[in-house]
2 protein chains.
Amino acid sequence: LPGVRLRDVGEFGLIERIERLARGSPLPRSVVIGIGDDAAVLRPRPGEDVVLSTDAAVEGVHFRWDVQSPRVVGRRALVAALSDLAAMGARPLGFTCALAAPPSLVVRRVDGLASGLLQEAARHGCPLVGGNVTRARETSLTLAVVGAVPRGRALTRRGARPGDRVCVTGRLGAAALEVERARRGLARIRHVATPRLSAGRKLLSLRGIGACIDLSDGLEADLDHLLEPVGLGAEIDPARVPTPPRFAAACARLGLDPEALALAGGEDYELLFTLRPSAPPSAGLARRLGLPVSEIGRVTRRRSAAPRRGWRHF
Amino acid sequence: LPGVRLRDVGEFGLIERIERLARGSPLPRSVVIGIGDDAAVLRPRPGEDVVLSTDAAVEGVHFRWDVQSPRVVGRRALVAALSDLAAMGARPLGFTCALAAPPSLVVRRVDGLASGLLQEAARHGCPLVGGNVTRARETSLTLAVVGAVPRGRALTRRGARPGDRVCVTGRLGAAALEVERARRGLARIRHVATPRLSAGRKLLSLRGIGACIDLSDGLEADLDHLLEPVGLGAEIDPARVPTPPRFAAACARLGLDPEALALAGGEDYELLFTLRPSAPPSAGLARRLGLPVSEIGRVTRRRSAAPRRGWRHF
């Protein structure tokens, strides 16, 4: 097997391999028709809206074979897509994977990608229900995830108001630090984030949630996605942005600025959301979500002219 | 504009261009949240299942800039994806487009791709509701289409039985003939098929439909997709396979075998389906579907040992 390449097994041989791997996972009742037809058929519950997102992972752009195992590439690709469902408060129903790859790609790498995808799929109850395979010059995975959310209740990017408290789940910066280590040849990329699906669904049922987004591009960029379209700004206290234990020391050893990594580094896949001033304190929220929740600043009417010292203004 | 490339407008500049183009089309009520959030939110009617399919068009594999306009590439990409919904009897709700492209790609080509997608989207009531943009070595579009079908009623590839009549809509071979012409430098590719969405939905409401698939790979290959998984065969009369007017003469001028093009050529995007022996005659069916319907053979228990002369056995 080690030397077998895609051109040796062909398109249908490849599809059969992936189908065989996928058959290992039992299908939930929400999958009426899975892999193998012209399209998949999924069944939301009565009174649910359907949530749809797509995301791609491209060789040389989002991943490199020399610093990541194919399994990690597959796992991270599905996590990135599921994180968009989490940000809407949706539960996953299923996903499709469009694989593009050169005929010279070794089949073992595809097996690794597929088993990484299927591992995360099983973990989050989001079965592989279809896909596409095509030849291309570089390898890429383009996923489409479908979920469901109670009718009219999806969390959106659009709900922020002046005075809202800005909150974030978990801790930021670990993913960016690992990428820096890999860039310097000090470590391989092994970390796979947890998409905050359960936290997103719990946020849905709370009063006082404004806007919500997942942190894929980095805190600063994603906060801008929440504020810019509605013409608002924010004051963020970098000292309150939560980082993992011993993060500052690990950054110092590499000559990196921990604040820059936590504020601008991407791929943490935590949830960033705003809470109305009257909403309960974030401590109680953390208990309900089963995750750290940090209040890191406030939504403002516009970029403040005289910034408070140490605060970042957007 | 002519010389402007993707690297000049950047990722967000590009997304803005596509959003601006998309804003020209009004959104149906089934789109609760469209472009611009972490995910789209779509609303099927009560009692409907959700249908999901993905399809890719890759530069150098599925299209070439020198024989097709970007608009035709975009139109054909969405038609191919919608055809999978048609084969399930689904009505479209919306689609996402993941675009991968080199930074050197001229922005005009992306505008052309997008306006082709949006033209077909408007024609078939399937709005663009989200997407993704990434750098890659070659240009590709990966679409995910979502539709809806009455609960438990989706047409599938699995329903064929021995004795079923094999039927096909429309006429076959025109797409393959055009590809042959383009290959010889005699013509550009301009033809865009019509996905048989309305016919697929009408088939749903008829008694006596066995299996259904859309013709993307070619009659022989797609018939095999219907029969091989259920262990059946078929006898097909090539003389009954419908072709466009003056097709044989056009093939003769190029030294091509019309039967081979009609039976093995792909991308016709007609529907191939089986009818129970007791179902009404295909003439009445043609009237109801508003399309030619040809009965081209029968499903058999297995590959016949002594084939009838002139019939193809699968």
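What counts and how
Residues numbered from 1 in each chain as written. Chains lettered and ligands numbered in written order. Predicted model: local features only at pLDDT ≥ 70, side-chain atom pairs only at ≥ 80, totals over all residues. Heavy atoms only, no water. Helix = DSSP H or I, 4+ residues; strand = E, 2+ residues; numbered from the N terminus. Contact = heavy atoms within 4.5 Å. Areas by Shrake-Rupley, 256 points an atom, 1.4 Å probe, with all protein chains shown as cover. Salt bridge = Lys/Arg side-chain N within 4 Å of Asp/Glu carboxyl O. Buried < 20%, exposed > 50% of the residue type's maximum accessible area, 1.4 Å probe, protein only. Pairing = 2+ DSSP bridges. Axes fitted to C-alpha atoms, helices over the stretch in contact; angles between N-to-C directions. Buried area = accessible area lost by both parts, 1.4 Å probe. Polar contact = N/O pair within 3.5 Å; in protein donor to acceptor, adjacent residues only side chain to side chain. Phe/Tyr/Trp six-rings, centres within 6.5 Å; stacked < 30°, edge-to-face > 60°. Least-squares fit on C-alpha atoms with pLDDT ≥ 70 in both.

### As for the overall build of chain A
1) Next: For chain A, the count of helices and strands is nine helices and twelve strands.
2) Next: Taking the principal axes of the C-alpha coordinates as reference, chain A spans close to 65 × 50 × 30 Å.
3) Next: In chain A, once contacts between residues fewer than 6 apart in sequence are set aside, the share between residues at least 24 apart is 88%.
4) Next: Per element, the accessible surface of chain A, about 13300 Å² overall, is 48% carbon and sulfur.

### Concerning the pattern of salt bridges
Side-chain pairs of opposite charge can arise where the charged atoms are in close proximity.
1) Next: The final tally for this structure, using the stated rule, is 38 salt bridges over all chains.
2) Next: Its salt-bridge partner being Arg 43 of chain A, residue Asp 49 of chain B comes within 2.7 Å of it at the nearest N-O pair. Here Asp 49 of chain B, found in strand S3 (residues 48–58), pairs with Arg 43 of chain A, found in the loop between strand S2 (40–42) and strand S3 (48–58), and the two come from separate chains.
3) Next: With a shortest N-O distance of 3.5 Å, Arg 76 of chain B and Glu 267 of chain B are connected by a salt bridge. Here the residue Arg 76 of chain B occupies a position in helix H2 (residues 70–88), and Glu 267 of chain B occupies one in the loop between helix H8 (258–264) and strand S10 (271–275), the gap between them amounting to 191 residues.
4) Next: A residue is classified by how much of its surface remains accessible, and Arg 76 of chain B, at 14% relative accessible area, is buried.
5) Next: Members of the salt-bridge network, linked through shared partners, are Asp 37 and Asp 38 of chain A together with Arg 157 of chain B.

### Side note on the sheet that holds strand S1 (residues 31–33) of chain A
1) Next: Spatial strand order, S1(A)-S2(A)-S3(B)-S6(B)-S4(B)-S5(B): six strands in an open sheet with mixed pairing. Both edges of this open sheet fall to S1 of chain A together with strand S5 (128–135) of chain B, since each of them pairs with a single strand only. For this sheet, the mean inter-axis angle between neighbouring strands, taken without regard to orientation, is 20 degrees.
2) Next: When strand S4 (residues 91–101) of chain B meets strand S6 (residues 140–150) of chain B, the two strands line up antiparallel, connected through nine bridges. Within S6 of chain B, the position partnered with Gly 94 of chain B by the bridge is Val 146 of chain B.
3) Next: Relative to the sheet, H2 of chain B contacts S1 and S2 of chain A together with S3, S4 and S6 of chain B, its axis offset from that of S6 of chain B by approximately 30 degrees.

### Remarks on unusual backbone geometry
Residue and element names in this part refer to chain A.
1) Next: The backbone phi angle of Glu 267 is positive, close to 65 degrees, even though this residue is not glycine.
2) Next: The exposure class assigned to Glu 267 is partly exposed, which follows from its relative accessible area of 32%.
3) Next: Here Tyr 269, not a glycine, exhibits a phi torsion of approximately 55 degrees, which is positive.
4) Next: Within the fold, Tyr 269 resides in the loop between helix H8 (258–264) and strand S10 (271–275).

### Quick look at the interface of chain B and chain A
1) Next: Every contact between the two is made by 52 residues of chain B and, on the other side, 52 residues of chain A.
2) Next: Overall, the association of chain B and chain A removes approximately 4200 Å² of surface from exposure, summing both partners, and the carbon and sulfur fraction of that is 56%.
3) Next: Summed over the shared surface of chain B and chain A, the result is eight salt bridges.
4) Next: Two residues, Arg 157 of chain A and Asp 37 of chain B, come together in a salt bridge whose shortest N-O distance is 4.0 Å.
5) Next: Taken together, chain B and chain A are joined by 15 residue pairs in polar contact (both at pLDDT 80 or more).
6) Next: Elements supplying a minimum of two residues to the side of chain B that touches chain A: strand S1 (31–33), strand S2 (40–42), S3, H2, S4, S5, S6 and strand S8 (209–214) of chain B.

### So, helix H4 (residues 174–183) of chain B
Residue and element names in this part refer to chain B.
1) Next: Those residues of H4 that fall on the buried side of the exposure criterion are Ala 175, Ala 176, Leu 177, Glu 178, Glu 180 and Ala 182.
2) Next: Here the buried face of H4 lies against H2, helix H7 (247–253) and H8.
3) Next: Positive backbone phi, approximately 70 degrees, marks Gly 185, located one or two places after H4.

### Notes on the sheet that holds strand S6 (residues 140–150) of chain A
1) Next: Ordered by their spatial adjacency, six strands build an open sheet running S5(A)-S4(A)-S6(A)-S3(A)-S2(B)-S1(B), and the pairing between neighbours is mixed. Edge positions in the open sheet fall to strand S5 (128–135) of chain A together with S1 of chain B, since each of these has one partner strand only. For this sheet, the mean angle separating the axes of adjacent strands, direction not counted, is 20 degrees.
2) Next: Sheet contacts for helix H1 (residues 6–23) of chain A: strand S4 (91–101) and S5 of chain A; angle to S5 of chain A, the most-contacted strand, approximately 170 degrees.
3) Next: Sitting on the sheet, helix H3 (residues 107–123) of chain A touches S4, S5 and S6 of chain A, and the angle it makes with S4 of chain A is about 170 degrees.

### As for the packing of aromatic side chains
Residues and elements named next belong to chain A.
1) Next: Inspection of every chain in the model, using the stated rule, returns two aromatic pairs over all chains.
2) Next: On the numbers, 5.1 Å between centres and 70 degrees between planes, the contact of Phe 63 with Trp 65 is edge-to-face. There is no split in this pair, since Phe 63 and Trp 65 are both buried.

### Brief notes about the relation of the copies chain B and chain A
1) Next: Turning chain B through 180 degrees and shifting it by 0.0 Å along the axis lays it on chain A, with an RMSD of 0.0 Å. Within this description, the copies of the chain are treated as partners about a two-fold rotation axis.
2) Next: When the interface residues of chain B are mapped onto chain A, 100% of them are again interface residues, pointing to one common binding face.

### Some points on the side chain of Thr 169 of chain A
1) Next: Along the chain, Thr 169 of chain A falls in strand S7 (residues 165–169).
2) Next: Side-chain polar atoms of Thr 169 of chain A contact the backbone nitrogen of Leu 271 of chain A, separated by 2.9 Å.

Purely geometric stuff here, so don't read any function into it on its own.
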